[in-house]
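Each chain is listed here by its residues.
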Amino acid sequence: MKVLKFGGTSVGSVESILSLKRIVEDEASQGQVIVVVSALGGITDKLIATSKMAQQGDEQWEQEYDAIVRRHHKMIESVILDPLEKVQLLGHVNPLLEQLRSIYTGVYLIHDLSEKTLAAIVSYGERLSSHIVASLIDGGTRMNARNFIKTERKNGKQSLDAELTYRLVREAFSHVSCVDSATKGTVMVVPGFISKDHDSGETTNLGRGGSDYTASIIAAALDADVLEIWTDVDGFMTADPRVIHSAYTINELSYVEAMELCNFGAKVIYPPTIYPVCVKNIPIRVKNTFNPEHPGTLIKDKINDDQKPIKGISSINGTTLITVTGLSMVGVIGVNRRIFTVLADNGISVFMVSQASSENSTSIGVRDEDAPAAVEVLNEEFSKEIQTGAMFPMHAESGLATIAIVGENMKHTPGIAGKLFGTLGRSGISVIACAQGASETNISFVVNSKFLRKSLNVLHDSFFLSEYKVLNLFICGVGTVGGMLIEQIRSQYEELKERSRLKLNVVGIASSKNAIFSRDGIDLENYRELLSKSESSSPEKLREGVLNMNIFNSVFVDCTASKEVAALYQSFLEHNVSVVAANKIAASSNYDNYMRLKQTALARGVIFRFETNVGAGLPIIGTINDLRNSGDRILKIEAVLSGTLNFIFNEISASVPFSETVRRAKEQGYSEPDPRIDLSGTDVIRKLVILTREAGYKVEHADVEKHLFVPESYFQGSLDEFWENLPKLDADFEAKRKVLESEGKRWRFVAKMEGGKTQVALQAVDASHPFYNLAGSNNIVLLTTERYKEYPMQIQGYGAGAGVTAAGVFANIMSIANI
């Protein structure tokens, strides 16, 4: 036998209630079925709201009542097609609606709404819906739950009289027997939620979510094979899908795991539902009325082959943390008893407790709406201690959220708590309070509400509850390098998802004038069109756009050469946004700023990478770091770091003068639009400063000894004047070139660091030197270390070009994803 419970959304529309009919009749053809129904979706809230309007003397209650009547009449008109059946059903429904009007009228006239009256009013939701469902289902027979669901008043509240209820349920359903496959079984339809006080006979109820509880009680009393909860979701999810788009349905949960998730905000089933069937070891299956083919979530005692330590993440927003503190609490027996007794006596529920081992403070988590009353009664309870100074007045902190990670396998997996807090810390999320029971099934903690979404996402991702690991990228700069990077990400997107289970989500793109942001990701096929239609941007707007999104696993990627953009790095790192920079300005700025960026990244547990600052896509900086991290020491660096200058000195010949090689470098895109930037050695000096610092030496730009090959006067005046005067150098260069050629040598502009001393100079190298055959715009670096002393380590390859530079930036991004 099965007990099927259908919630308000399952009977809330014509579509859903017809789906209910198909589901129940299909089940009834296979065996005995008992159906428990809630009120039509939204009706319970409307009944309560109308009651309060009537109590306050608001004449609008009649319009609200009329809307309730129309809602039920419209449902009947839509789903009951047989005229005779419709008349019979209205014969049950209309008298109930008239009774409801009479009660509302009484409340309106005397302006009084007692607990007894309100309980009677809200019972009409299920009483009406159960008549409709019983009439709709073939073979449906309605039963009056008040005849067998009994309550008793305890401590001022109505509670289930379990012993009496179980006996009466068995008596009420004693006629239910199995039917053979050829006979359609009678379907018993029971209104959920409502009950009756066994002493007074008054109509009572089982509280919010009571229809789930009704179904569970009936299933347990009758030893049902399974309890099915039909709702509007496919089952329990690994997290709230409205916050985490990658959340998915959990196939199986234990009773304990389901209870923990329910207690911390997973509103799939009402928490007390689990206990009655758990005791009888009756499984619960949660299914979707709108997607009945989905298997849903099965809740049972033991889960076979369960490997995941974490099953799901749940949360409660709108948390207030109240701290009871005082030196008199230390070692005093009964303080906690007083705390929880006074709160319970005043109907205030506590869902989390955190106590310091020193016993001088206890923090309790309550919902925001309960906080003022909780503070008031606690201050009153401890008023004498507060007056003498032995305790402090209650401290309440609101604007918080409570998160719980749940899984029975946590107790078999060391390091879960460490991973939890480490993950939150690296994301810049402070934990305000935490609690974990000895059963190790639930770790609960409190964070600022503004970090709730970020916390849920980063934990879901970190504990492999997501199908993909997600990296959220903000890309600044859409020129040659930035544009190529975006294209590389677009072309690799599907392969990375398939091969590495990695999703690169570009959530922000900025040019020098505009910026677009989208938490769900930007369409990389049309980003230029979107960018052109977006609002204007500035460095400050860019900063606000990145930080206000407050998204998890975020990386800012700088593909500009902007000093203003580089100035944003410190703020990003302080807010736990990793930075990948093709921009050389930050790493080559004054040494104190460089170190501040590195130290901030280290302290915040985020990444600051700038591999492409030197050698484009060549692994130069990474290799230096690997050598140092493994205990080696960099003694000397010799390098050709300018693809532009190497191109110029490879092109120069008897037929191609110096001025022409410079012009070719510009035309072929090797040099900056103003070639003086390359000829001045400024770019090489920046790169040498970066390499020297990464090698462990303190150096500033002014410390680099410069031996330039173009007179200083050529760097003054306009660009036109430069081009006009440049051929004047050709004769001198040609004379020197001939001497060089006769000696079998070539020019290379070499950056050198030895023992912390740095210089850049034009150097003649012979055929035996590694730099001699350096082709085109390639770069080369020789690293002499304590281990590589006799034969230096050599790194050589393309050192310029948008494609390889973008690939180097991409590699830096991937290195963050793989941490």
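Residues numbered from 1 in each chain as written. Predicted model: local features only at pLDDT ≥ 70, side-chain atom pairs only at ≥ 80, totals over all residues. Heavy atoms only, no water.

1. Concerning the overall build of the protein
A count of helices and strands for the protein gives 28 helices and 30 strands. The C-alpha atoms of the protein give 37 Å as radius of gyration, which overshoots the globular expectation for 819 residues (28 Å, by more than 25%). For the C-alpha atoms alone, the extent of the protein along its principal axes is close to 115 × 70 × 55 Å. Per-residue burial for the protein yields a buried fraction of 52% across its 819 residues. In the protein, the share of contacts with a sequence separation of at least 24, taken over all contacts with a separation of at least 6, comes to 71%. Put simply, the protein shows about 36100 Å² of open surface, and 49% of that area lies on carbon and sulfur atoms. With 84 positive and 97 negative side-chain charges, the protein shows a spacing of 3 Å between the two charge centroids. (Helix = DSSP H or I, 4+ residues; strand = E, 2+ residues; numbered from the N terminus. Rg over C-alpha atoms; globule rule 2.2 N^0.38 Å. Buried < 20%, exposed > 50% of the residue type's maximum accessible area, 1.4 Å probe, protein only. Contact = heavy atoms within 4.5 Å. Areas by Shrake-Rupley, 256 points an atom, 1.4 Å probe, with all protein chains shown as cover. Lys, Arg positive; Asp, Glu negative; His and termini not counted. Charge placed at Lys NZ, Arg CZ, Asp CG, Glu CD.)

2. Quick word on the sheet that holds strand β25 (residues 634-640)
What the six strands build is an open sheet, ordered β26-β28-β27-β25-β29-β30; its pairing is mixed. One side of each edge strand has no neighbouring strand; the edge strands of this open sheet are β26 (705-707) and β30 (793-798). Taking the axes of each pair of neighbouring strands and ignoring which way they run, one obtains an average angle of 20° across the sheet. Sheet topology note: the strand β27 (residues 745-754)/strand β28 (residues 757-766) ladder contains 10 bridges and is antiparallel. (Pairing = 2+ DSSP bridges. Axes fitted to C-alpha atoms, helices over the stretch in contact; angles between N-to-C directions.)

3. Some points on the sheet that holds strand β14 (residues 352-355)
As summarised here, the arrangement of the six strands in space is β14-β15-β13-β16-β18-β17, forming an open sheet in which the pairing is antiparallel. On the outer flanks of this sheet lie β14 and β17 (433-436), each paired with one strand and no other. The average undirected angle you get between the axes of adjacent strands in this sheet is 30°. In this structure, β14 lies alongside strand β15 (residues 361-367), joined through four bridges in antiparallel fashion. Among the inter-strand pairings, Gln355 is bridged to a residue of β15, identified as Thr362. Contacting β13 (312-325), β16 (395-406) and β18 (442-448), helix α8 (residues 255-263) crosses the sheet at an angle of about 60° to β13. In this fold helix α13 (residues 416-426) packs onto β16, β17 and β18, with an angle of close to 15° to the strand it touches most, β18.

4. Focus on the pairing of strand β5 (residues 157-160)
Pairing of strand β4 (residues 150-154) with β5, which is carried by four bridges, proceeds in the antiparallel orientation. Counted as the bridge partner of Glu152 is Ser159 from β5. Counted along the chain from β4 to the antiparallel partner β5, the turn is two residues long, and its residue Asn155 has a positive phi close to 50°.

5. Points about helix α10 (residues 335-345)
Owing to its 3.6 residues per turn, the α-helix brings residues three or four apart onto one side. Buried within α10 are the following residues: Val335, Ile339, Val342 and Leu343. For α10, the buried positions fall inside an angular range of 100° around the axis, keeping them on one side. Facing away from the buried side of α10 by over 90 degrees, the exposed positions are Arg337, Ala344 and Asp345. Against the buried residues of α10 lie β13, β15 and α11 (371-381). Backbone geometry just after α10 places Gly347 at a positive phi near 70°. (Arc of directions from axis to C-beta.)

6. Quick word on the packing of aromatic side chains
Enumeration over the complete set of coordinates arrives at 21 aromatic pairs. Each ring, one from Phe6 and one from Trp230, has its centre 5.8 Å from the other, and the planes form 20°; the classification is stacked. Note that Phe6 is positioned in strand β1 (residues 2-6) and Trp230 in strand β9 (residues 226-231), a separation of 224 residues in sequence. For the pair Phe6 and Trp230, a shared accessibility class is recorded, and that class is buried. Between the NZ or CZ atom of Arg663 and the centre of the ring of Trp723, over which it lies, the distance is 4.4 Å. We note Arg693 situated over the ring of Tyr594; from NZ or CZ to the ring centre the distance is 5.1 Å. (Phe/Tyr/Trp six-rings, centres within 6.5 Å; stacked < 30°, edge-to-face > 60°. Lys NZ or Arg CZ within 6 Å of the ring centre and 35° of its normal.)

7. So, the environment of Val447
Positionally, Val447 belongs in strand β18. Accessibility expressed as a relative area gives 0% for Val447, which makes it buried. The spacing of Val447 and Ile403 is 44 residues in sequence and 7.8 Å in space, taken between C-alpha atoms. Setting aside chain neighbours within four positions, we find Val447 in contact with Leu400, Ala401, Ile403, Ile429, Ser430, Ile432 and Ser455.

8. Focus: unusual backbone geometry
Even without being a glycine, Phe193 presents a positive backbone phi close to 80°. In this fold, Phe193 is placed in the loop between β6 (187-191) and β7 (194-197). Even without a glycine there, the phi angle at Asn576 is positive, about 65°.

9. Regarding the side chain of Asp212
Relative to the helices and strands, Asp212 resides in helix α7 (residues 210-221). Accessibility expressed as a relative area gives 5% for Asp212, which makes it buried. The contacts of Asp212, once residues within four sequence positions are left out, are Lys5, Ile229, Val268, Ile269, Tyr270 and Thr273.

10. Some remarks on the packing of helix α2 (residues 43-55) against helix α4 (residues 83-110)
One way to put it is that α2 packs onto α4 with a least axis distance of 7 Å and a crossing angle of 35°. Note that α2 runs across α4; the crossing there is right-handed. Listed contacts from α4 to Lys46, Leu47, Thr50, Ser51, Ala54 and Gln55 of α2 are Leu100, Tyr104, Val107 and Tyr108. A class-by-class count of the residues in the contact of α2 with α4 yields six nonpolar, three polar and one charged. (Left-handed = near helix turned anticlockwise from the far one by under 90°. Nonpolar A, V, L, I, M, F, W, Y, C, P; charged D, E, K, R; others polar.)

11. Some thoughts on the environment of Phe193
When its relative accessible area of 9% is taken as the criterion, Phe193 is described as buried. A C-alpha to C-alpha distance of 60 Å links Phe193 and Leu597, two positions 404 residues apart in sequence. Not counting chain neighbours up to four residues away, the residues in contact with Phe193 comprise Val122, Glu126, Thr204, Asn205, Leu206, Gly207, Arg208, Gly210, Ser211 and Thr214.

12. A word on the pattern of salt bridges
For the coordinates displayed, the defined rule picks out 40 salt bridges. A salt bridge links Glu252 to Lys300; the nearest nitrogen and oxygen atoms lie 3.4 Å apart. Pair noted here: Glu252 is in strand β10 (residues 252-254) and Lys300 is in strand β12 (residues 297-300), with a separation of 48 residues, a long-range link. Given a relative accessible area of 25%, Glu252 falls into the partly exposed group. Of the charged contacts in the structure, one is a salt bridge between Arg338 and Glu381, with a shortest N-O distance of 2.9 Å. Here the residue Arg338 occupies a position in helix α10, and Glu381 occupies one in helix α11, the gap between them amounting to 43 residues. You can call Glu381 partly exposed: its relative accessible area is 29%. Overlapping salt bridges bring together Lys2, Glu27 and Glu228 as one network. (Salt bridge = Lys/Arg side-chain N within 4 Å of Asp/Glu carboxyl O.)

13. Observations regarding the packing of helix α1 (residues 14-28) against helix α5 (residues 115-136)
When two helices pack together, their arrangement is given by the angle between the helix axes and the distance between those axes. Packing of α1 against α5 leaves a shortest axis separation of 10 Å and a crossing angle of 55°. Classified by the interaxial angle, the pair formed by α1 and α5 is oblique. By crossing handedness, the relation of α1 to α5 is classed as right-handed. Between α1 and α5, the contacting residues are Ile17, Leu18, Leu20, Lys21 and Glu25 on the first element and Ile132, Val133 and Leu136 on the second. For the contact of α1 with α5, the class distribution of residues is six nonpolar, no polar and two charged. (Parallel < 35°, antiparallel > 145°, perpendicular 65-115°, else oblique.)

14. Examining the pairing of β25
Of all seven residues in β25, five are buried, a share of seventy percent or more. When β25 meets strand β29 (residues 778-785), the two strands line up antiparallel, connected through six bridges. Counted as the bridge partner of Ile634 is Thr785 from β29.

15. Thoughts on the side chain of Asn812
Among the structural elements, Asn812 can be located in helix α28 (residues 802-817). Engagement of the side chain of Asn812 in a polar contact is seen with the backbone nitrogen of Glu611, the distance being 3.2 Å. Residues contacting Asn812, with those up to four places away along its chain left out, are Val580, Arg609, Phe610 and Glu611. (Polar contact = N/O pair within 3.5 Å; in protein donor to acceptor, adjacent residues only side chain to side chain.)

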